[in-house]
Structures are given as C-alpha cells and as structure tokens.
Amino acid sequence: AALIFTLANYYQFYETYDQLLGLGFSSKDIQEILHTGNVNKAVLNSITETQLREFFATFHSPAVGASGAIYGILIAYAITFPNAKLALIFLPVPIRAKYFVPVLILADLFFGMTNYSIGNIAHFAHIGGAIFGLVMMLWWWKKGEIL
C-alpha cells in the first residue's frame, strides 16, 4: 500500500515540479516555496492555485492508517467468500462480495485519478493494499494453501 501510494505521489509531485523548472524556477526557489509557504506572484502567474495546493498537499501529506491492509483483507475475503453479502453503513443494501469489492476498488481508482475526492484520502494506498492482497491470495492458491 505504501509503495503504490509513494509512487503515485512521486508522479504527481514531479509533474508540477518539472513544470515549474520548465518555467524558469530553480530547484532552490521551489524548495523555498515548499518549506516556507511563501509564494510570489510569478508562481501564481505560472500555475493555477489548485495546482499549487495539490503540489503542497503531495509534498506535505503522510500516509497514515491501516486502510491499505484492510483492502488486502477485503480482496482475500471476496476471493474466499465471493457470494457473501457486504453492506456499508451509508448504503445499507447487501451486495455480494464479488461485485462489491471490485466496485469499491474502481471507485478508489476513479477518485485517485480525478479531483472528485473528498478530504485527504490515500486512494492509491487502498489500491496498493488490494493489489498486495490479490498477489498473496494467488500465491497461496498456487501453493495449494487455500481452496
């Protein structure tokens, strides 16, 4: 989970970083902006305020929590018990795990790649945990340790 989150943040960070370098800002200028928060008008004339906010958030946001591991467990559960029914508190309609879990992961992929996300959620950590859970289940299945 942390690896996928870090790779996604690396890509997002360096996309704006390279854009600023291309506009003539030095690495020292960019580091000063990131560490002090002082933004001059030349920066705001070069990139949008939204891009700058996302640049700051990518640089300053840590990944904290167990949600990536929980997604790994969700994948394992959906593989082991595909017809078991799951429901969310805000969506109290039971849905089979084999449909519920993929939709949940696709939603994280959508929110991670667009600006529709609510709050500071590490969507790519969720996807990374799901990938790791899938790899573990396939490994155990290949070794004959699960049905």
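Scroll up to find the structure this text is about.
Residues numbered from 1 in each chain as written. Predicted model: local features only at pLDDT ≥ 70, side-chain atom pairs only at ≥ 80, totals over all residues. Heavy atoms only, no water.

A. Region of the structure containing the nonpolar core. Counting 11 residues, the largest nonpolar core consists of Phe-13, Tyr-17, Leu-20, Phe-25, Ile-30, Ile-33, Leu-34, Val-43, Ile-47, Leu-52 and Phe-55. Elements that contribute at least two residues to this core include exactly helix 1 (2-22), helix 2 (27-36) and helix 4 (49-60). With residues up to four places along the chain from it excluded, the contact list for Leu-20 reads Phe-25, Ile-30, Ile-47 and Phe-55. (Core = buried A, V, L, I, M, F, W, Y, C linked by side-chain atoms within 4.5 Å. Buried < 20%, exposed > 50% of the residue type's maximum accessible area, 1.4 Å probe, protein only. Helix = DSSP H or I, 4+ residues; strand = E, 2+ residues; numbered from the N terminus. Contact = heavy atoms within 4.5 Å.)

B. Representation of the packing of aromatic side chains within the structure. According to the stated counting rule, one finds seven aromatic pairs in the structure shown. Measuring from ring centre to ring centre gives 4.7 Å for Tyr-10 and Tyr-14, while their planes differ by 50°; the resulting arrangement is tilted. Of this pair, Tyr-10 and Tyr-14 both sit in helix 1, four residues apart, roughly one helical turn. Its relative accessible area of 53% is what places Tyr-10 among the exposed residues. Judged by centre distance (5.4 Å) and plane angle (65°), the ring pair of Phe-110 and Phe-111 falls under edge-to-face. (Phe/Tyr/Trp six-rings, centres within 6.5 Å; stacked < 30°, edge-to-face > 60°.)

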